[in-house]
Amino acid sequence: MEKFVTIQSAAVTLPIENIDTDQIIPARFLKATDRTGFGENLFRDWRYNEADEPNADFVLNQPGVKGSILVAGRNFGCGSSREHAAWAIYDSGFRVVVSSFFADIFKNNALNNGLLPVQVSDHFLQAIFWEVKRKPDTEFEVNLEKQLFSFARLKAGEEFEIGAYHKTCLLNGYDNIDYILSRKESIERFENERVRAW
Amino acid sequence: MNRSTLFDKVWDAHVVEHIPDGPDILYIDQHYIHEVTSPQAFTGLERRGLSVFRKDRTLATADHNVPTIDQHLPIKEALSRHQVEKLTENCEKFNVELFGLGHKYQGIVHVIGPELGVTLPGMTIVCGDSHTSTHGAFGSIAFGIGTSEVEMVMGTQCLLQNRPKTMKIEINGELGKGVYAKDIILYIISKISASGGTGYFVEYAGSAIRSLSMEARMTICNMSIEMGARGGMIAPDETTFEYIKGRERAPQGADFDEAVAYWSSLVSDIDAEYDEVLEFKAEEIEPMITYGTNPGMGVKISENIPVSATDSSKESFTKSLEYMGLEPGQSLLGKPINYVFIGSCTNSRIEDLREVAGFVKGKKKAEHTNVWIIPGSKQVEQAAIDEGIDQVLKEAGFEFRQPGCSACLGMNEDKVPKGEYCVSTSNRNFEGRQGPGARTFLASPLTAAATAINGQITDIRDYL
């Protein structure tokens, strides 16, 4: 996993609630057996029409829209456990997803792939939407060390929560599986001390 | 005073270590895998030079991306064929037991685990599929995970997990006629929304839950994720033990008796403390149907679509109804339906098929309605054939197909065409879930069957 460094970037906004993982990447694009290339099908059915031509009114198809921060309405990532959703977002160049509420499995999948989920208040989320609508190139800063998401120009923002374990992993690029492998003795001891197998 | 919940008891019995200010290392008793979310995990294991740590706790099947006709022939679509072959290859290489296509135990992963007696009370169970919550019906902690976590469990038989909060949902009273498990869970989700359970693990309790069969309890727990909850569970009781007894992989004889003694202790203490408690009256529940694009957007079938958003922004509500081609305040009864899908890990078990067959016997489907009925497993399919259910369904004009996830997620060729309406017994009505542009109404198997016969959305109570 890559180390998470402080990001300053414009944001791509999707002011829609309950964006489920079937919207992030539809099931028919889950047939690949490796982790790469999912970005091209991110938000596939919103991004392209039936003839596979870009829908001009979808945000990712609009000229000048760019950035490594995705901002979306509440309950982002609900539905299926497909990690392909996190891969598709990361593969498209995003490093941060901001919402006022995340589905649990999506949040874990994001953290396991170096994609930072930033949960902000509903009020602050609306402020971001409003500001980007007014001025699409508005820059934001994401500082994981300080746990702060802010308007870069104003230096004003909101603190966000993240557990100490995941913060350390992201800042250092540590891999969860390496960590848990280092606890193998404890796992075997646990197995041996159990009274029953189930 | 003892204040532990059922969840606490099972979770605490599986904590290997607690990381200070971090997650728990949770031991996993049973890992189910399938073709779609496992290939990258096997690749990861290989890259690390690891083997599957506890092969006897790992079981694989092919279900998400398999055809539901001509399963004896090679899969036509190249990418799907490759994905299913990759699972076989990986299971051979890593020595994992696989119930692949054609095997007598193949089927939807959440159907085969319980029917084989692999899923047992008090276990921790995971799978790279959000509907793993199904297995909670046995009083186990069961939840869906991503592929990195699949790799973690393969490599260590453990997961790093933050302990969720607990919620009790109690439903007391007697269910009315025509009201099934599916209606109960759709009702709950319509009340608390598609995100109302996020951050929680749910325990379902109360007299209405106790009265349900195991298969009905599985339907309830299955859809816990649709309110955002990681999982749902029901304390095991005589109904549970009776279901497990004699199943092929379940403990037998004296081992079974010993197991029952332990399983009987898996109940929440009288003074158990939950972070949230909700109560509903069974009498309030009617046959349910969804009208929008998340499972929380549901109404009693006799009610109209709300005139305005109940728990989302006006924009999201409008976008949802536009996608569905529906108007605020509209009634759904009588709406013509061209597709009916009866299947999925929510409602594809033998009891579901029995209920449907009992209703359609001697009736014919509407001419314009296509009806797909997909048994949850080879064992369900065989039981349906043995009981003559397949004949009843065929005589009604229903297509009785072979096991798999099918049109629930539209990964294989079983897709509902763009713009068409489908009354579906599955679990998600998301945009495009059943195929690009497909419009889904979630309902119980009986509501789906009555709709198939009438060719329009029908209140099953009109027939009872």
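Shown above is the structure to which this text applies.
Given the structure is predicted, the values throughout are model-derived calculations rather than measurements.

J.: Explain the interface of chain B and chain A residue by residue, including any values.
T.: Between chain B and chain A, the contact holds 77 residues from the first and 59 residues from the second. Interface area, chain B with chain A, both sides summed: about 5400 Å², of which 57% is carbon and sulfur. In terms of surface lost to chain A, no three residues of chain B exceed Q40(B), R48(B) and S148(B), which account for 11% of the buried area on that side. The interface formed by chain B and chain A holds 9 salt bridges in total. Measuring nitrogen to oxygen at the nearest pair gives 2.8 Å for the salt bridge that ties R194(A) to D29(B). The tally of links between chain B and chain A comes to 30 residue pairs in polar contact (both at pLDDT 80 or more). At the level of secondary structure, the elements contributing two or more residues to the side of chain B that touches chain A comprise β1 (15–18), β2 (24–27), α2 (39–48), α3 (78–93), α5 (147–156), β8 (158–161), α10 (253–263) and α11 (314–324) of chain B. Sorting elements by how many residues they give to the side of chain B that touches chain A places α5(B) first, with 7 residues. For the side of chain B that touches chain A, a count of residues per class yields 30 nonpolar, 28 polar and 19 charged.

J.: How would you explain the packing of aromatic side chains if you had to name every residue and give the values?
T.: For the coordinates displayed, the defined rule picks out 25 aromatic pairs over all chains. Seen in terms of ring centroids, F42(B) and F94(B) are 5.1 Å apart; in terms of plane orientation they differ by 35°. Their pairing is tilted. One end of the pair, F42(B), is in helix α2; the other, F94(B), is in the loop between α3 and β5 (97–99), with 52 residues separating them in the sequence. Grouping residues by exposure puts F42(B) and F94(B) together as buried. Three or more aromatic residues link up through ring pairs in this structure, and these residues are F124(A), F140(A), F149(A) and F151(A). The residue whose ring lies beneath R74(A) is F101(A), and the NZ or CZ to ring-centre distance is 4.9 Å. The ring of F359(B) is capped by K363(B), whose NZ or CZ atom sits 4.2 Å from the centre of that ring.

J.: Break down the state of the cysteines for me, with residues and values.
T.: Residue and element names in this part refer to chain B. Tallied over the full model, the rule gives 0 disulfides over all chains. Distance from the sulfur of C405, which forms no disulfide, to the nearest cysteine sulfur (C345) is 6.6 Å. With no disulfide of its own, C422 lies 10 Å from the sulfur of C408, the closest cysteine sulfur.

J.: So what's going on with the sheet that holds strand β11 (residues 231–233) of chain B? Residues and values would help.
T.: Hydrogen bonds along the backbone pair up the strands of a sheet, which may run parallel or antiparallel. Residues and elements named next belong to chain B. Within the open sheet, the 4 strands sit side by side as β11-β10-β9-β12. Their pairing is parallel. Whereas interior strands pair on both sides, the edge strands pair on one side only; in this sheet they are β11 and β12 (276–281). Between one strand and the next, the sheet's axes are offset by a mean angle of 20°, whatever the strand orientation. Sheet analysis places strand β9 (residues 165–172) next to strand β10 (residues 200–205), joined by 6 bridges and oriented parallel. Across the sheet, the residue bridging to I169 is Y204, located in β10.

Parameters at a glance
Residues numbered from 1 in each chain as written. Chains lettered and ligands numbered in written order. Predicted model: local features only at pLDDT ≥ 70, side-chain atom pairs only at ≥ 80, totals over all residues. Heavy atoms only, no water. Contact = heavy atoms within 4.5 Å. Buried area = accessible area lost by both parts, 1.4 Å probe. Salt bridge = Lys/Arg side-chain N within 4 Å of Asp/Glu carboxyl O. Polar contact = N/O pair within 3.5 Å; in protein donor to acceptor, adjacent residues only side chain to side chain. Helix = DSSP H or I, 4+ residues; strand = E, 2+ residues; numbered from the N terminus. Nonpolar A, V, L, I, M, F, W, Y, C, P; charged D, E, K, R; others polar. Phe/Tyr/Trp six-rings, centres within 6.5 Å; stacked < 30°, edge-to-face > 60°. Buried < 20%, exposed > 50% of the residue type's maximum accessible area, 1.4 Å probe, protein only. Lys NZ or Arg CZ within 6 Å of the ring centre and 35° of its normal. Disulfide = S-S within 2.5 Å. Pairing = 2+ DSSP bridges. Axes fitted to C-alpha atoms, helices over the stretch in contact; angles between N-to-C directions.

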